[in-house]
Amino acid sequence: SLARTRRMSVTVNNYLFIVLLALVVNLSIKAVGALLINALLVVPAAAAANVSRNLRQMFWMTVAFSLTSGLLGYWLSTQLSLSAPGVREPVSFGPSGIIVVTSVALFFGSMAVVAVWNRFAPIFGGKQFRRPMHWPGDSCDTDHSFGQCP
C-alpha cells in the first residue's frame, strides 16, 4: 500500500521479488541442501509470526531467529558428537541438520513463550499476543473450521 501511494509499480516489484527469491533458493540448494533452505525460509518466519504484533517486528524477529538458529546450530554441530559402542571415533553431526533442529526448537520455544505470556499477561496488565477467536458478545458463539463463522 505504501508503494501504491508513492505511485510505484507494485506488480513489477512483486515479480522482481519472486524471481530473486527463486534465484537465491536455486543457487543455495546446490550449496547447502534443500532441507536447510526450506527450513530457513519457513520456520523462522513462523516463529516470528507467533511472537510479533506487527509486520516490522515480524521482519526483524525473522532475521534474528534465522541468524540465531544458523549460528547456534553451526556451533552445536562443532561441539556435539555421539560415541557408539564398538566404534573407535565419535560420530559428529552435520551442520545443516543441527541448524534445522535448532530452528524448529526456536519455533516450539516461541509457541511456549506465547502460551505462557498470554496466560499471565492479563494478571500483570500486559497485552496478549493474540485475541481469542471469539470474545464475549460476539455473534458467533462456537468455533468453526478455520475460525470462520457461518
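For the structure itself, look to the data block above.
Reading the values: rules and limits
Residues numbered from 1 in each chain as written. Predicted model: local features only at pLDDT ≥ 70, side-chain atom pairs only at ≥ 80, totals over all residues. Heavy atoms only, no water. Helix = DSSP H or I, 4+ residues; strand = E, 2+ residues; numbered from the N terminus. Areas by Shrake-Rupley, 256 points an atom, 1.4 Å probe, with all protein chains shown as cover. Axes fitted to C-alpha atoms, helices over the stretch in contact; angles between N-to-C directions. Parallel < 35°, antiparallel > 145°, perpendicular 65-115°, else oblique. Left-handed = near helix turned anticlockwise from the far one by under 90°. Contact = heavy atoms within 4.5 Å. Nonpolar A, V, L, I, M, F, W, Y, C, P; charged D, E, K, R; others polar. Core = buried A, V, L, I, M, F, W, Y, C linked by side-chain atoms within 4.5 Å. Buried < 20%, exposed > 50% of the residue type's maximum accessible area, 1.4 Å probe, protein only.

1. A short note on the overall build of the chain
Okay, so step 1: Broken down by element type, the chain carries 5 helices and 2 strands.
Okay, so step 2: From first element to last, N terminus to C terminus, the chain shows the α and β order α-α-α-α-β-β-α.
Okay, so step 3: For the chain, the accessible area works out to roughly 11600 Å², and carbon and sulfur atoms hold 67% of it.

2. Examining the packing of helix α4 (residues 55-79) against helix α5 (residues 95-124)
Any two packed helices are characterised by how steeply their axes cross, that is the angle between the axes, and by the distance between the axes.
Okay, so step 1: Where α4 contacts α5, the two axes come as close as 8 Å, and the packing angle between them is 135°. With respect to each other, α4 and α5 are oriented oblique. The chirality of how α4 crosses α5 is right-handed. In this structure, α4 uses F65, T68, S69, G70, L72, G73, Y74, L76 and S77 to contact α5, whose residues at the interface are P95, I98, I99, T102, S103 and L106.
Okay, so step 2: Partitioning the contact of α4 with α5 into residue classes produces 8 nonpolar, 7 polar and no charged.

3. Some words on the nonpolar core
Okay, so step 1: Counting residues in each nonpolar core, the largest one holds 6 residues, listed as A47, A48, V51, F65, V114 and F129.
Okay, so step 2: When residues of this core are assigned to their parent elements, the largest contribution, 3 residues, is made by helix α3 (residues 34-51).
Okay, so step 3: Non-local contacts of V114, meaning those with residues more than four positions away in its chain, are made with N50, V51 and F129.

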